Amino acid sequence: MSAIPLRTIHDFPGGVHPQENKEQSTRTPIAIPPLPARLVLPLNQHSGAPAQPVVSAGEHVLKGQLLAKATGFVSAPVHAPTSGTISSLEMHPVPHWSGLEESCLILLPDGKDEWCSLSPIEDYRTAEREELVERIHDAGIVGLGGAGFPAAVKMSSRKASKIHTLVVNGAECEPYITADDMLMRERAAQLVSGIEILQHMLAPEQVLIGIEDNKPEAIATMEKACAGKAGIEVCTVPTKYPSGDAQRLIWLLTGKEVPNDSRSVDIGILCYNVGTIVAVHDAIVHGKPLISRITTLTGSALSRPGNVEALIGTPAEHLLVFAGIDNDTFHTLIQGGPMMGHTLDTTAVPVIKTSNCFIAGTAQEFPAAPPAQACIRCGLCADACPIELLPQQLHWYAKSQNHDQLQHHNLFDCIECGACAYVCPSAIPLVQYYRAAKDEIRTHKARTEKSERSRVRFEQRQARLEAAAAEKEARRKANAEKARKLKEAKAAAATAPEKSEAKAEAEADPIQAAIQRAKAKKAARAAGTDSPAKPAKPARPQLSPKQKELKIQLSMAKAQLKKSERALPQMEEGSPEANKLKDDIALVQKQLEQLQTEFDAASSAPAEAPAATEKPVKAKKPALSDDEKKRKIELAMKKAALKKAERALAVAEEAGSDQVDTLRQARDEKRQALADAENTGVQA
Amino acid sequence: MALIRQTSPHASGKNHTNHIMRMVIVALVPALFVQMWFFGWGALVNVLWCSVVALGAEAFVLTLRKRPLAFYLKDGSALVTAWLLAMAIPPGSPWWLTFVGVSFAIIFGKQLYGGMGQNPFNPAMLAYVLLLISFPVEMTSWLAPQGAGVDPMGLTDSLQAIFAGHSIDGWTMATPLDVVRENKSLTMAELWTEKPQLDGLTGIGWVWVNLAFLAGGLFLLKQKIISWHAPVGMLAALGVMSLLFWNGTGSGSHGSPIFHLLSGAAMMGAFFIVTDPVSGATSNKGRLIFGAGVGILTYIIRVWGGYPDGVAFATLLMNMAAPAIDYWTQPRTYGHRKPKRGMAKSE
Amino acid sequence: MDVLSLESVIYALLALLALALVFGAILGFASERFKVEGNPIVDQINDLLPQTQCGQCGHPGCKPYAEGIANGEPINKCPPGGQATINALADLLDLEPMALDDEHGEEKPPMVANIREDECIGCTKCIQACPVDAILGAAKQMHTVITDECTGCDLCVEPCPVDCIDMVPIATTTQNWQWPLPSSSEQSGMQLIATDKQGEVA
């Protein structure tokens, strides 16, 4: 054997050695399962914003055709894995911790497997970097190792720092999973080609392929494939979970640590999973988007465990049947490995871009977790933690929901690898504690941010309203001043000017005076805006807008009635308020009836011939609505006046004021005026 | 089909708390046999009686706290406490003494703090100290170890001594640590000739008990039940202290390092007491410091303090220091420049 | 027997007095020198309130209630904040946590307003009622709620003349789903079978 270039491997602290269980699924080459009856394509198979569908139900699509486009910076598109018909967009179970459903496109294959036209890049060496990045983005490539971070985003987020090292992650430290192992054994050439594309794009000084030493075949194949390639080095790392975590692998191979507040790109290192790089090769050299992936099917409930190249969207049950599932012993379905993977409720979930493994386990293989005992502070968890957190302390604080302390103890640096829970002698579900605490803190933060935003919005609104009120007040004062001067002048000039009703009332009661002033002003303003423009034309009955108006009035009246009726039972029977309310209700009911008949009449009237005039309805509308508006304004003002009068009356009654009678009279007048106005409005 | 939903990880290691406790008890067996060999049946009766009392006391408190009995009794922590206390006090001690001690250990030393995992002090040592302070006479009435194979006290004698209160004065004598401590006139060589039972190396009594504890400890190390840090820290500190202050074999001698390492509760303390995870330090570095602290304090108490042996006091003192040790030995988290000590800043 | 002469008493008193003065001076200096500038208490209280501006506490907005609390009002009048807010307030003000006063409403899951848009008549009444300007629309135009800004305060429901506004609970999706804490065997009842924790799902 040729001399393997010796590279210092930097051991990381902690880590565990769970049973590997990898040999079951490496006995047969990668198989291709038959086409399933339907494909389920979730719109969100990656980290970031969900994709947005660009096809509609019933549309026929070709293999590789874009089905949903990326939205936002961190997002990835979804393509058709085979040709067929889009049957629907529906909620469907997806491989997610929560067991909740997500919106998925359902594709019914037509069996022809017909490609759309592909446009591979002839020679990527002559292509622009930006073009290649765009290709990778448009191909929907995300990190196939598990996190699903869009591959192109990782590349383009690099600004200032130069990439000096490309780390290729073939460690695959999770037990059971062999997808990357088989990929390296069978597709080393594509992998190396993909690496060369990335070398061209990123120009790193070195490419380090990290493979755990429990995969001798893959190491041998990769060494052969990389022989004579400049700058590519295959590095063997000792088998220890979680060496396949990107930052652990970077540490193992380079001894460099990624500061907690930055990403590996910031220190000039990019890390890609081997599957991702093969997908890059396919996208650039063949122009194929990411529509399939290597998935390991394993577990004791399968009689033919192995790896398959599964189309994205293939339901898990289809694959499990292909791998010979024994439904009698089948007990647990896990997506991913036993350390970080999650159990699924149903086999209906599809393969998504990040599904590297499905484990169909028996009850013996994955027994129910024993009940948690008390923590005995043995410290095994701290010894196992690869990033030297204090899992024990985090556990206490998570239990007591002490968010400050949790963050102080770097909860958010936890990679949820599960090493601590694996070694815990008391079987405490530590990882779940951390996940729950993280979610809780995130939600809390979001809530705090929102309430801060609400506070600002509220304060701004208050300020705006106050400013408006102040302005109005200032204007009112100015007007009052003007009116006073005018009056003085008039009083001086004339001996006994005819007193308007309003003025008489104004003298009687200051509140009324204010209302009258406001009324006068409003009327003046309304008149001012309306009259000079065009003289009010006699209302020509335009049926459809009128119908609309009536309808609105009808519904408003109905709502008013409902509200009043609702308020009635709360009042004491026989009290003056109740009586008043009853009167009101009767009044409104009467109005309602009138409106209803009016509306019915309007509806039953022969519909206006649409083409009677050349002019569209719109043109005629303003004249009419001016009139309507005026009437409506009057109505509203009268209503307001009535309300105010009633309020004043109530105050007076409470205070036992001697003005009660005057006020009551005033109110009745207002009510009458309102009824009149409404009647005229209805008749108009 | 019903599929089980569980949180990850779905695999787990082999160590389980019940298993750990069982192994500790197994590791105590050799020492128990040696004690029986030298001190008679009293040692075994002690252990059995303590176990019964411990389980009873635990069950009593669990009932009061409305906790499921079987689940907690099965974890074995009460048994371990009982065994440790039983083997630390003189074999053949009266029943009420052990009763008081074990009940105190379980009820006050453990359950009142919230049960297993919550107690700041080692319950067995807490009870030992309580008994030592309250009943100094009974607690220092060790039977004289007899020559190999000579049964010092039959089973019936032991039972009578323990439960019927028969006097055992004729049988008792001071421990070597006591002797060395009280001795002001004889050289070490003269001492050993005078009281052959005490001579460590010729093979009687104490040394063998300590060696049996050492064997049990090595077994635990091999089984990866305990880490080497705390025992090594304690024994090294005790050895270094006794070496530094060894003033020869004259009449004012403090005793040689070998004497200190192999007498009293040195080995028991090193492998079974300071390794208690609940009341000790958490990190490996912290355990070294914790063990060393116990070793140094033990020597100081033995030589200059008021009691013949100091393991119990030293352990309790260091238990108090454990949070501080954890604080100062906090590791640096990956990606952070330095360890974040102290409390989170509250708003 | 003149051990306690007047003189020695005076000396002792003088010494104590001197000590008291020195330490007093040091303490006084320290309290001035290392004074912590704190937020005014009203702002601190306001920061803990949920800022829904719903007025269920009887105040027109959260800030006035914060002022009320600062003046000794009970801290249990805020249903949207619920028990968590009460506890946080109790913590801040060093009071005993108390139960929510159900006179002001009960704790509900977070809600958002939803306008049934085909029924909206464009009256702008809800826009005027919204304390955080979270409703968009103009007269005679259909209105809609900016869901992200809606605090779920309820205030727009009453003014609507056609009752087309509903308060709907925020739906749980895979995006906002949260891990629950493991049900602890230490607290509450005992669950000895692990599958009980997650619930067996068919």
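Residues numbered from 1 in each chain as written. Chains lettered and ligands numbered in written order. Predicted model: local features only at pLDDT ≥ 70, side-chain atom pairs only at ≥ 80, totals over all residues. Heavy atoms only, no water.

Asker: Explanation requested: the overall build of chain A in the structure shown.
Answerer: Counting secondary structure elements, chain A contains 19 helices and 16 strands. Every one of the 684 residues in chain A was classed for burial, and the buried ones make up 49%. For chain A, contacts bridging at least 24 residues in sequence account for 73% of all contacts bridging at least 6. Counting every atom, chain A has about 32,300 Å² of accessible surface; 55% of that belongs to carbon and sulfur. (Helix = DSSP H or I, 4+ residues; strand = E, 2+ residues; numbered from the N terminus. Buried < 20%, exposed > 50% of the residue type's maximum accessible area, 1.4 Å probe, protein only. Contact = heavy atoms within 4.5 Å. Areas by Shrake-Rupley, 256 points an atom, 1.4 Å probe, with all protein chains shown as cover.)

Asker: Would you explain the overall build of chain B in this entry?
Answerer: If you tally the helices and strands in chain B, you get 16 helices and two strands. Taken over 347 residues, chain B has a buried fraction of 56%. When contacts within chain B are restricted to residue pairs at least 6 apart in sequence, those whose partners lie at least 24 apart make up 75%.

Asker: Even after reading the chapter, I still don't get the confidence of the model for chain B, so can you show me in this structure?
Answerer: The predicted coordinates should not be examined in detail at positions where pLDDT is low. Of the residues in chain B, 77% have a pLDDT of 70 or more, and the chain-wide mean is 81. Of the regions scoring below 50 in pLDDT, residues 147-151 of chain B engages in five contacts with residues more than four places distant in sequence or in other chains. (pLDDT = per-residue confidence, 0-100.)

Asker: When you look at the pairing of strand S10 (residues 232-237) of chain A in this model, what are you seeing that I'm missing?
Answerer: The side chains of a regular strand alternate, first on one face of the sheet and then on the other. All names here are of chain A. Along S10, five of the six residues are buried, which leaves the element largely enclosed by surrounding structure. Relative to S10, strand S9 (residues 206-212) runs parallel, the two being bridged by six bridges. Along S10, the bridge assignment pairs Glu 212 with Val 237. Handedness of the crossover joining S9 and S10 through helix H5 (residues 216-226) is recorded here as right-handed. (Pairing = 2+ DSSP bridges. Right-handed = clockwise from strand over helix to strand, strands pointing away.)

Asker: Got a minute to help me understand the sheet that holds strand S15 (residues 342-343) of chain A in this structure?
Answerer: One key point about sheets: their strands pair by backbone hydrogen bonds, in either a parallel or an antiparallel sense. All names here are of chain A. Strand order in the open sheet formed by five strands is S13-S12-S16-S14-S15, and the pairing between neighbours is mixed. Of all strands in the sheet, those bounded by a partner on one side alone are strand S13 (306-311) and S15. Both strand S14 (residues 330-335) and strand S16 (residues 357-362) contribute to a ladder of five bridges, which runs antiparallel. Counted as the bridge partner of Phe 330 is Thr 362 from S16.

Asker: Just checking my understanding: could you explain the pattern of salt bridges for this structure?
Answerer: A full pass over the atoms with the stated rule returns 29 salt bridges over all chains. When the shortest N-O distance is used, the salt bridge between Glu416(A) and Lys438(A) registers 2.9 Å. Separated by 22 residues along the polypeptide, Glu416(A) in the loop between helix H11 (403-408) and helix H12 (419-423) and Lys438(A) in helix H13 (residues 430-493) bring together distant segments of the chain. Among the residues examined, Glu416(A) registers a relative accessible area of 18% and is labelled buried. In this structure, Asp133(C) and Arg464(A) form a salt bridge, with 2.9 Å as the shortest nitrogen-oxygen distance. Taken together, the positions of Asp133(C) in the loop between helix H5 (125-129) and strand S2 (135-136) and Arg464(A) in helix H13 put the pair across two chains. A residue is classified by how much of its surface remains accessible, and Arg464(A), at 46% relative accessible area, is partly exposed. Several salt bridges converge on common partners, so that one network encompasses Asp181(A), Arg185(A) and Glu217(A). (Salt bridge = Lys/Arg side-chain N within 4 Å of Asp/Glu carboxyl O.)

Asker: I'm lost on the sheet that holds S9(A) in this one. Help?
Answerer: Residues and elements named next belong to chain A. Ordered by their spatial adjacency, four strands build an open sheet running S10-S9-S8-S11, and the pairing between neighbours is parallel. The sheet is open, and its two borders are formed by S10 and strand S11 (269-273), each paired with just one other strand. Taken pair by pair, the neighbouring strands of this sheet meet at an average axis angle of 25°, ignoring direction. Bridge count for strand S8 (residues 165-170) against S11 is five bridges, and the pairing is parallel. Within S11, the position partnered with Asn 169 by the bridge is Asn 273. Those strands touched by helix H6 (residues 246-254) are S8, S9, S10 and S11, and its axis lies near 120° from that of S8. (Axes fitted to C-alpha atoms, helices over the stretch in contact; angles between N-to-C directions.)

Asker: Is there a simple way to think about helix H4 (residues 77-88) of chain B in this case?
Answerer: Since the α-helix advances by 3.6 residues per turn, residues separated by three or four positions end up pointing in the same direction. Residue and element names in this part refer to chain B. In a regular helix each residue adds 1.5 Å, so twelve residues correspond to 16 Å; H4 covers 17 Å between its end C-alpha atoms and thus fits that length. Counting buried positions over the twelve residues of H4 gives eleven, a clear majority of the element. Ser 77, Ala 78, Val 80, Thr 81, Ala 82, Trp 83, Leu 84, Leu 85, Ala 86, Met 87 and Ala 88 are the residues of H4 that are buried. (Expected span 1.5 Å × (residues − 1).)

Asker: Sorry if this is basic, but what is going on with helix H3 (residues 179-186) of chain A here?
Answerer: Counting buried positions along H3(A) yields six of eight residues, so the element is predominantly enclosed. Those residues of H3(A) that fall on the buried side of the exposure criterion are Ala179(A), Asp180(A), Asp181(A), Met182(A), Leu183(A) and Met184(A).

Asker: Help me understand a negative patch on the surface, please; the structure alone is not making it clear to me.
Answerer: On the surface, Glu128(A), Glu130(A), Glu131(A), Glu134(A) and Asp138(A) cluster together into a patch of negative charge. Take Glu128(A): it is sitting in the loop between strand S7 (101-109) and helix H1 (129-138). (Patch = residues over 30% accessible without salt bridge, like charges linked within 9 Å, V, L, I, M, F, W, Y side chains within 5 Å. Lys, Arg positive; Asp, Glu negative; His and termini not counted. Charge placed at Lys NZ, Arg CZ, Asp CG, Glu CD.)

Asker: Help me out: how do you make sense of the environment of Pro350(A) in this one?
Answerer: All names here are of chain A. Among the secondary structure elements, Pro 350 is positioned in the loop between S15 and S16. Each C-alpha atom of the pair Pro 350 and Pro 93 lies 8.1 Å from the other, and the pair is 257 residues apart in sequence. What Pro 350 contacts, discounting residues up to four positions off in sequence, is Val 40, Pro 42, His 92, Pro 93, Val 94, Pro 95, Gly 313, Thr 314, Pro 315, Ala 316, Ser 355 and Phe 358.

Asker: Whenever I open this one, the interface of chain A and chain B confuses me. Can you help?
Answerer: In many reports, interface size means the accessible area that the parts give up when they come together. Counting residues at the interface gives 66 residues for chain A and 44 residues for chain B. Run the count over chain A and chain B and you get two salt bridges. At the level of secondary structure, the elements contributing two or more residues to the side of chain A that touches chain B comprise H6, S14, S15, helix H9 (380-384), helix H10 (391-399), H11, H12 and H13 of chain A. The element that contributes the greatest number of residues to the side of chain A that touches chain B is S14(A), accounting for five residues. For the side of chain A that touches chain B, a count of residues per class yields 33 nonpolar, 23 polar and ten charged. (Nonpolar A, V, L, I, M, F, W, Y, C, P; charged D, E, K, R; others polar.)

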